[in-house]
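A structural walkthrough
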Amino acid sequence: MRQEAAFSVSRIGDAALVQKQKALRTDFDRSLAMLSASVTHLPPCFQRWFASKSPLSNLASPLSILIIPFFAVACSLHAGCSRQIANDRVPEASGNAGDVAGNGTGSGDRTLASPLTTVAVSGTPSAVAAKWVPPAPLDSARAFGYLQQLCKIGSRTTGTAGMLAQQKLLQEHFEKLGGTVVWQAFTHKHPLNNAPVEVKNMIVQWRPEVKERVLLCSHYDTRPLPDRDPKNPKGLFVGANDGGSSTALLMELGHAMPNLKTNVGVDFVFFDAEELVYTAPNGSSLGDFFIGSTYFAQRLVDEPSDRVYRSGILMDMIGDKDLQIYWEEVGFQNAPAVAREVWEIAKQLGIKEFVPKVVHSVRDDHLPLIQIARIPVIDIIDFDYPTVASRTRSYWHTMADTPDKCSGDSITKVATVVMEWLKRQPK
Ligand SMILES: [Zn+2]
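The shown structure was predicted, so the numbers you read here are calculated from the model rather than taken from an experiment. (Residues numbered from 1 in each chain as written. Predicted model: local features only at pLDDT ≥ 70, side-chain atom pairs only at ≥ 80, totals over all residues.)

**Comments concerning the overall build of the chain**
Note the threshold: Helix numbers and strand numbers start at the N terminus; a helix is a DSSP run of H or I with at least 4 residues, a strand a run of E with at least 2. A residue is called partly exposed when the number of other C-beta atoms within 10 Å of its own lies between 12 and 20, exposed at 12 or fewer, and buried at 20 or more, with C-beta atoms placed from the backbone.
Summing up its helical and strand segments, the chain has 13 helices and 14 strands in all. Looking at the 427 residues of the chain, the share that counts as buried comes to 44%.

**A look at the nonpolar core**
For clarity, the threshold we go by: We define a nonpolar core as a collection of buried residues of the types Ala, Val, Leu, Ile, Met, Phe, Trp, Tyr and Cys that are connected via C-beta atoms lying within 7 Å of each other. Placing C-beta atoms from the backbone, we regard two residues as in contact once those atoms come within 7 Å.
Core analysis: the biggest nonpolar cluster contains 89 residues, and L147, L249, V342, I378, V417 and V418 have the highest contact counts within it. Here this core takes eight residues from helix α13 (residues 408-423), the largest share from any one element. Beyond its immediate sequence surroundings of up to four residues, V418 is in contact with L216, L253 and I313.

**Points about the pairing of strand β10 (residues 308-316)**
Let me state the cut-off plainly: For two strands to be treated as a pair, DSSP must find at least two bridges joining them.
Examined bridge by bridge, strand β6 (residues 212-219) and β10 share six bridges and lie parallel to one another. Residue pairing across strands places L215 opposite G312, the latter belonging to β10. Both β10 and strand β14 (residues 377-381) contribute to a ladder of five bridges, which runs parallel. What sits directly across from I313, in β14, is I378.

**Examining the sheet that holds β10**
Our working definition: Axis geometry follows a simple rule: fit a line to the C-alpha atoms, using only the stretch in contact for helices, then measure angles between N-to-C directions, giving values from 0 to 180 degrees.
Strands sit in the order β4-β5-β7-β6-β10-β14 across an open sheet of six strands; the sheet is mixed. The sheet is open, and its two edges are formed by β4 (180-189) and β14, each paired on a single side. Within this sheet the neighbouring strands show an average axis-to-axis angle of 20°, counted without direction. Two elements, strand β5 (residues 196-206) and strand β7 (residues 265-271), share five bridges in a ladder whose sense is antiparallel. Residue pairing across strands places V204 opposite F268, the latter belonging to β7. Strands β4, β5 and β7 of the sheet are contacted by helix α7 (residues 161-177), whose axis makes an angle of about 10° with β5.

Shown next as structure tokens:
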């Protein structure tokens, strides 16, 4: 990715605000976690009170400091509450997690074919700490392993040995799982020296015989340099979140595809040369964005086929440990039905990292798909990955965009929502 959409200058202010809110929220969550850790040392009936009051967490931190001593004394006098809470805890740990992580979505969560699969971590108040377990066959540890494997290659910039190594890895991976791999190759002028550079989109087809299809896309090239790195802007950029996370997601989702019940054919499309872009000494950009996706979209127009894409989802920067995914404005305006469906599914699954609110407008690979190929495509992107603007940390387009900033759980949460969306495709 990209840059913030040109027409949304005012939104840059919003982005800074969101960064600030996120930092405040992180600090607050940390306080809450410390508080909840101390709570586990208190009598059980107080623990239960704390768990039940979590929706009031905005008040909890300062208020609890005053209230804890009072309850500690009161509860210690309350004989028998220990046994009661022990009994209560059994169902709490094994079921109804939808209410726990559903952020108030209530019993509606349980009407799903694939209910939320979070479970409470034993011994801690379930409303505070819940462990995410994705539905089979998705696996967070394996997804994170794919991310590490990709980053181990190093830079995966268009036309480099790293990109070739990645292409080989992905081809073997998807063919082993039963996907049909198709390449779309062409050359483009390198932005620095005009030499021809090979650009190669990779398409993995599932049920290639089905005419009605959907797209799941990600860019798989990494930016040539960590231009925004405050110390070493010419260092190594491995793009764990930016390029790596969405590629790892599709690698993980590949495990679900052979047995997935869906009414559509599905194509995973890995766009090359999303950001074969350098920063000129005067700060401007050298090179074009979205080269692979533009070529892909143009081919769809130039070579009409009876195989059509009804809609699509682009994914980018979905691995952040601190995940929040808002509606992205360009996708929301051009594919509102898809955007609403996806966020509704997340709500029903209790995956609260999907927040149904437009916050950012992002120029990304969905633009050519929308503008050239006229396919309604949304962008699932966490654009609040810390940047230099956040002052304390800076990961986006820096050497610090490494796997330790990402999480397998974030990757499989998004994969779970997308998988459910595939299952619900109408005929
Ligand atoms: Zn990027």
